[in-house]
Amino acid sequence: MLHLCEKPHFRYSCLMFLIWVFQLVGLNSGFGLNSGLNQSLTYIWPLPCEHTSGNETLTVNPALSLSIIGHGGSFRILREGFRRYKRIIFKFSSGISLKLGVDESYTLFIDKTEGKSVVWETIIEASTIYGALRGLETFSQLCAFDYTTKSVQISRAPWYIKDKPRFAYRGLLLDTSRHHFPVDAIKSIIESMSYAKLNVLHWHIIDTDAFPLEVPAYPKLWNGAYSKWERYTVEDASRIVSFSYYLAWCTAGIHVMAEVDVPGHAESWGTGYPDLWPNATCREPLDVTKNFTFDLISGILSEPPTFVIFYLSLSFTEIREIFPFELFHLGGDEVNTDLWDSFVLTDCWNKTRHVKQWLDDNKMKPKDAYRYFVLKAQEIAISKNWTPVNWEETFNAFAKSLNPRTVVHNWLGPGVCPKAVAKGFKCIFSNQNVWYLDHLDVSWDEVYYAEPLEGIGNKSKQELVIGGEVCMWGETVDTSNVQQTIWPRAAAAAERLWSTEEALSADNITVLQRLQYFRCLLNRRGVQAAPVTNYYARNPPSGSGSCYWQ
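Going by what an unreviewed UniProt entry lists, the chain is known as Beta-hexosaminidase and is assigned to Hibiscus sabdariffa. Word for word, the UniProt comment on the chain under Sequence similarities (unreviewed entry) is "Belongs to the glycosyl hydrolase 20 family."

Pasting the structure below:
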């Protein structure tokens, strides 16, 4: 029985979703997981905040069904999610408005039906549909196919799990500028994110190397793509967002945050519009002196139409219509001359005649123009109903000037989130030393034990850290190796972002065994997750052996 009860202050009545699933068939002494595994461990990833279990082994009835009683909520979401998880659970058997911070908590019970000796039931209680879907993910991980009996079983029953995420923002950055990823490859990554309860895909679409996205108001922008086959139409982008956000409710509500990085990392913009370059040989940062530069940014971040977007057949015209998530990433990194003296800004803006004249006329140095550019881009985004996210250099260079709504995105190293929250800014943790997945020599345990709240003792300041994000930069990945580079290390960060500190184990051996099991679960679901203990991420196995010990 899946029981979804909205909180008292909600105006809808209590919903009850009944899933009659179990029939005990005398397997008390069996163990549904691989018999060589440590049976005392809980193989759920991320680890629930609270749980208890028993010693019964149950056979799950393939006739698993869902019945709904009550009012309110979107039944279609639950039905789609239920069908998806049923397909996952019985793979080997023959037989809304989504906003950041939505309640994803749930409680899961697996116990005997009252008054019956052999019939068991599952009860999932949640305040929202998304909490119920997180509970279904956990339920699917409790189910394991037994090859001897050829049935799906749940071990260590009865179960009680009370669970909720530690952080609202649990992200994965995907860079599609350094290498192009087909739409289906991006969808498969989104699908895999849901297994670890990650909930934000940070889509770094555009960079120096390529501008692959169609912007109908400025049709020459995607001339900066690598080729005419390595592009994303507006329909492609909307399909990706819809897959994660609306049409694929069964992927359990994943936000897509787009990034348009300005003023640096933007050389590809000028392939179609050379006037955006300061000059023909100095192509980034974008020309700060021209109204056209900011008109184009404003055009990209345009207002959505007044109608509600529900179907892919509707016409999308600008990025704002495609990406409904309230956060939008404006980049702003690797431009500050105080931090990056060797970067092209000094030579470019200071040595381009008309830009130098503009700087002199406005009594600015290049670092002042950098601030001017970032703040003007923020003003445009905020006027279009976005909350701006910027890389940490903007905070490091001119924190006092940033709009107070700015979300500071850490990456250069530790210590930035404590400084940002001390000044009242929200922060996302992505310390490159531990959470950049393109750093292939970073081991799983370095990822796992990285703490987003390190150095922040005050409870109210801790709440300003909205979460964290692992970053899959694209220089050395494409469709052929991206999944084994993301996984399983991204799962290590996912548990850190979901599970409470009290629930997490400090015992490396225990965590390793659970992560190895989760890696094998990903493999069973078709995700090409690499062996956990590779010294160098994404390497193949070093020799023969079980998936569970690699």
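Enquirer: Account for the overall build of the chain, with residues named and values stated.
Expert: When helices and strands are counted, the chain shows 18 helices and 17 strands. Across the 550 residues in the chain, those meeting the buried criterion constitute 59%. Looking at the chain as shown, the accessible area adds up to about 21,700 Å², and 51% of this sits on carbon and sulfur atoms.

Enquirer: I'd like to hear about the state of the cysteines, residue by residue, with values.
Expert: Under the definition given, this model contains three disulfides. Paired by a disulfide, Cys282 and Cys348 hold their sulfur atoms 1.7 Å apart. On the criterion of sequence distance, the pair formed by Cys282 in the loop between helix H5 (269-272) and helix H6 (291-300) and Cys348 in helix H8 (residues 344-351) is long-range, its members being 66 residues apart. Residue classification places Cys282 among the buried residues on the basis of a relative accessible area of 12%. Paired through a disulfide, Cys417 and Cys427 show a sulfur-sulfur distance of 2.1 Å. Between Cys417 and Cys427 the sulfur-sulfur dihedral comes to about -75°; the bridge is accordingly left-handed. A residue pair is termed long-range when its members are at least 10 positions apart, and Cys417 in helix H12 (residues 416-422) and Cys427 in strand S16 (residues 426-429) qualify at 10 residues. Judged by its relative accessible area of 2%, Cys417 falls in the buried class.

Enquirer: An account of the packing of aromatic side chains is needed here, citing residue identities and associated values.
Expert: A full pass over the atoms with the stated rule returns 25 aromatic pairs. Measuring from centroid to centroid gives 6.0 Å for Tyr436 and Trp473, while their planes differ by 55°, and the two rings are tilted. Placement of Tyr436 in the loop between helix H13 (432-435) and helix H14 (444-448) and of Trp473 in the loop between strand S17 (465-472) and helix H16 (482-486) is noted, with a sequence separation of 37 residues between them. Of the two residues, Tyr436 and Trp473, both sit in the buried class. Here the aromatic cluster, defined as three or more aromatic residues joined through ring pairs, consists of Trp45, Trp444, Tyr448, Tyr449 and Phe518. Directly above the ring of Tyr517 sits Arg524, whose terminal nitrogen or CZ lies 5.4 Å from the centroid.

Enquirer: Tell me about unusual backbone geometry, residues and numbers included.
Expert: Cis geometry marks the peptide bond from Glu284 to Pro285; its omega dihedral reads 5°. Topologically, Pro285 is positioned in the loop between H5 and H6. With an omega dihedral of 10°, the bond running from Trp487 to Pro488 counts as a cis peptide bond. Assignment of secondary structure puts Pro488 in the loop between H16 and helix H17 (489-498). In this structure, Arg156 takes a positive phi of about 60° despite not being glycine. Exposure remark for Arg156: the relative accessible area of 15% places this residue in the buried category.

Enquirer: Would you mind going over the pairing of strand S9 (residues 159-163) in detail, with residue names and values included?
Expert: Alternating positions in S9 separate cleanly, Trp159, Ile161 and Asp163 being buried on one face and Tyr160 and Lys162 remaining unburied on the opposite face. Pairing geometry for strand S3 (residues 50-52) and S9, over three bridges, is antiparallel. Paired with His51 across the two strands is Ile161, which belongs to S9. Two elements, strand S5 (residues 106-112) and S9, share five bridges in a ladder whose sense is antiparallel. By the bridge assignment for S9, Ile110 is matched with Trp159.

Procedures and definitions
Residues numbered from 1 in each chain as written. Predicted model: local features only at pLDDT ≥ 70, side-chain atom pairs only at ≥ 80, totals over all residues. Heavy atoms only, no water. UniProt positions renumbered as here; feature names shortened; annotations may be inferred. Helix = DSSP H or I, 4+ residues; strand = E, 2+ residues; numbered from the N terminus. Buried < 20%, exposed > 50% of the residue type's maximum accessible area, 1.4 Å probe, protein only. Areas by Shrake-Rupley, 256 points an atom, 1.4 Å probe, with all protein chains shown as cover. Disulfide = S-S within 2.5 Å. Phe/Tyr/Trp six-rings, centres within 6.5 Å; stacked < 30°, edge-to-face > 60°. Lys NZ or Arg CZ within 6 Å of the ring centre and 35° of its normal. Pairing = 2+ DSSP bridges.

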